[in-house]
Amino acid sequence: LKFVCYSNDGVDEHMNIFARQLPNMPKEYIVRLVMDRSHKSVMVIRRNHVVGGITYRPYVSQKFGEIAFCAITADEQVKGYGTRLMNHLKQHARDVDGLTHFLTYADNNAVGYFIKQGFTKEIHLEKDRWQGYIKDYDGGILMECKIDPKLPYID
Ligand code: ACO
């Protein structure tokens, strides 16, 4: 099992996973953000195949990241990959991007997963740190996660 982070990879395997698992997101929008240089993707790779990924935009000056897409391929869900992926993302975002928080618009059916990853519906981050940076999106619930400054998220 491997975890990799790319800023612009051209791998379309995880775009297909996003497109299948996030049917409300237009495919062109997924492709645009994944290929966009201001976004990064962390992916779980097993035996040369992408099992899932998270695409996010680090706002380095504001020290927070916005998770745009998060998905695990259908037959590998609820086996713990999503949790390990999120832990890799937190470690990378803290140690490489210097972020302290994540924000995401979670789909209703994924709120339980995000709560288990330490996200809350209460937003503690001061509004002037994120307002105007992330777009309002009415298809989901805004959730926040504080990244621990010291915790080792991966071994
Ligand atoms: N609702 C409630 N709880 C969930 C869900 C869910 N949809 N998915 C997983 N969980 C729980 C698991 O039961 C598990 O609980 P436990 O620790 O008590 O056993 C915990 O969350 C972690 O589960 P993992 O196995 O690590 O999660 P998984 O590998 O399945 O990844 C994910 C979760 C990404 C939501 C995956 O199921 C998926 O791709 N779903 C479809 C697409 C989706 O909804 N993506 C998120 C959309 S929102 C966004 O992208 C910003």
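This text follows the structure it describes.
Residues numbered from 1 in each chain as written. Predicted model: local features only at pLDDT ≥ 70, side-chain atom pairs only at ≥ 80, totals over all residues. Heavy atoms only, no water.

**Side note on the side chain of Glu76**
Next, step 1: Considering the arrangement of structural elements, one finds Glu76 in the loop between β4 (64–72) and α3 (81–97).
Next, step 2: Note on Glu76: relative accessible area 11%, which makes it buried.
Next, step 3: Of note is the side chain of Glu76, whose polar atom sits 2.8 Å from the side chain of Lys79.
Next, step 4: Discounting chain neighbours no more than four positions away, the residues touching Glu76 are Arg46, Val51 and Tyr81. (Helix = DSSP H or I, 4+ residues; strand = E, 2+ residues; numbered from the N terminus. Buried < 20%, exposed > 50% of the residue type's maximum accessible area, 1.4 Å probe, protein only. Polar contact = N/O pair within 3.5 Å; in protein donor to acceptor, adjacent residues only side chain to side chain. Contact = heavy atoms within 4.5 Å.)

**Regarding the site of the ligand**
Next, step 1: Near the ligand there are 24 residues, and of these Val78, Gly80, Gly82, Thr83 and Asn109 occur at the shortest range.
Next, step 2: Gln77 has a polar side-chain atom sitting 3.3 Å from an oxygen atom of the ligand.
Next, step 3: A distance of 2.9 Å separates an oxygen atom of the ligand from a polar atom in the side chain of Lys116.
Next, step 4: Across the complex, the protein chains shield 75% of the 950 Å² of accessible surface that the ligand would expose by itself.
Next, step 5: Of all elements in the fold, only β4, α3, β5 (101–106) and α4 (111–116) reach the threshold of two or more residues within the shell around the ligand.
Next, step 6: If you tally residues by element for the shell around the ligand, the top one is β4, at 5 residues.
Next, step 7: When the residues that make up the shell around the ligand are grouped by side-chain class, the tally is 12 nonpolar, 9 polar and 3 charged. (Near = heavy atom within 4 Å. Areas by Shrake-Rupley, 256 points an atom, 1.4 Å probe, with all protein chains shown as cover. Nonpolar A, V, L, I, M, F, W, Y, C, P; charged D, E, K, R; others polar.)

**Concerning the pairing of strand β2 (residues 40–46)**
Next, step 1: A large share of β2 lies buried, amounting to 6 of its 7 residues.
Next, step 2: What sits between β2 and strand β3 (residues 49–59) in their antiparallel hairpin is a turn of 2 residues, with Arg47 showing a positive phi close to 45°. (Pairing = 2+ DSSP bridges.)

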